[in-house]
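Here's the letter readout for the chains.
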Amino acid sequence: MKGFVFIDNEEIGFVNFKKIDETMAVIGGDFFANENYTKFKKDIQKLTTKYGNANSVNYNFKVL
């Protein structure tokens, strides 16, 4: 299953989802960035280095 990733209304890439743990109903996948991601890349990488991730507290992430 493919999901498109947005920050606010700007698409930054997509994820190819797969089952990670069916018994716990967990999905995950690989993120494929597009050219819009470069606008956010530096800040997302800083947050990931500092906190281990960048999440919806930091950005208005949406997956459709």
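Fair warning: this is a prediction, and the values are worked out from it, not measured in the lab.

1. Considerations on the nonpolar core
Reasoning step 1: Among the nonpolar cores identified, the biggest contains nine residues, and these are Val 5, Ile 7, Ile 12, Val 15, Tyr 37, Phe 40, Ile 44, Leu 47 and Tyr 59.
Reasoning step 2: Residue assignment for this core shows that the elements contributing at least two residues are β1 (2-7), β2 (10-21) and α1 (38-51).
Reasoning step 3: When residues of this core are assigned to their parent elements, the largest contribution, three residues, is made by α1.
Reasoning step 4: What Ile 12 contacts, discounting residues up to four positions off in sequence, is Val 5, Phe 6, Ile 7, Phe 31, Phe 32, Ala 33, Asn 34, Asn 36, Tyr 37, Phe 40 and Phe 61.

2. A short note on the pattern of salt bridges
Reasoning step 1: Going through the model one piece at a time under the given rule, you end up with two salt bridges.
Reasoning step 2: Of the charged contacts, one joins Glu 10 and Lys 39 as a salt bridge, the two residues approaching to 2.5 Å between their closest N and O atoms. One end of the pair, Glu 10, is in strand β2; the other, Lys 39, is in helix α1, and 29 residues separate them in sequence.
Reasoning step 3: Here Lys 19 makes a salt bridge to Glu 22, at a shortest N to O gap of 3.8 Å.
Reasoning step 4: The class of Lys 19 is exposed, set by a relative accessible area of 61%.
Reasoning step 5: For Glu 22, a relative accessible area of 61% gives the class exposed.

Scoring rules and cut-offs
Residues numbered from 1 in each chain as written. Predicted model: local features only at pLDDT ≥ 70, side-chain atom pairs only at ≥ 80, totals over all residues. Heavy atoms only, no water. Core = buried A, V, L, I, M, F, W, Y, C linked by side-chain atoms within 4.5 Å. Buried < 20%, exposed > 50% of the residue type's maximum accessible area, 1.4 Å probe, protein only. Helix = DSSP H or I, 4+ residues; strand = E, 2+ residues; numbered from the N terminus. Contact = heavy atoms within 4.5 Å. Salt bridge = Lys/Arg side-chain N within 4 Å of Asp/Glu carboxyl O.

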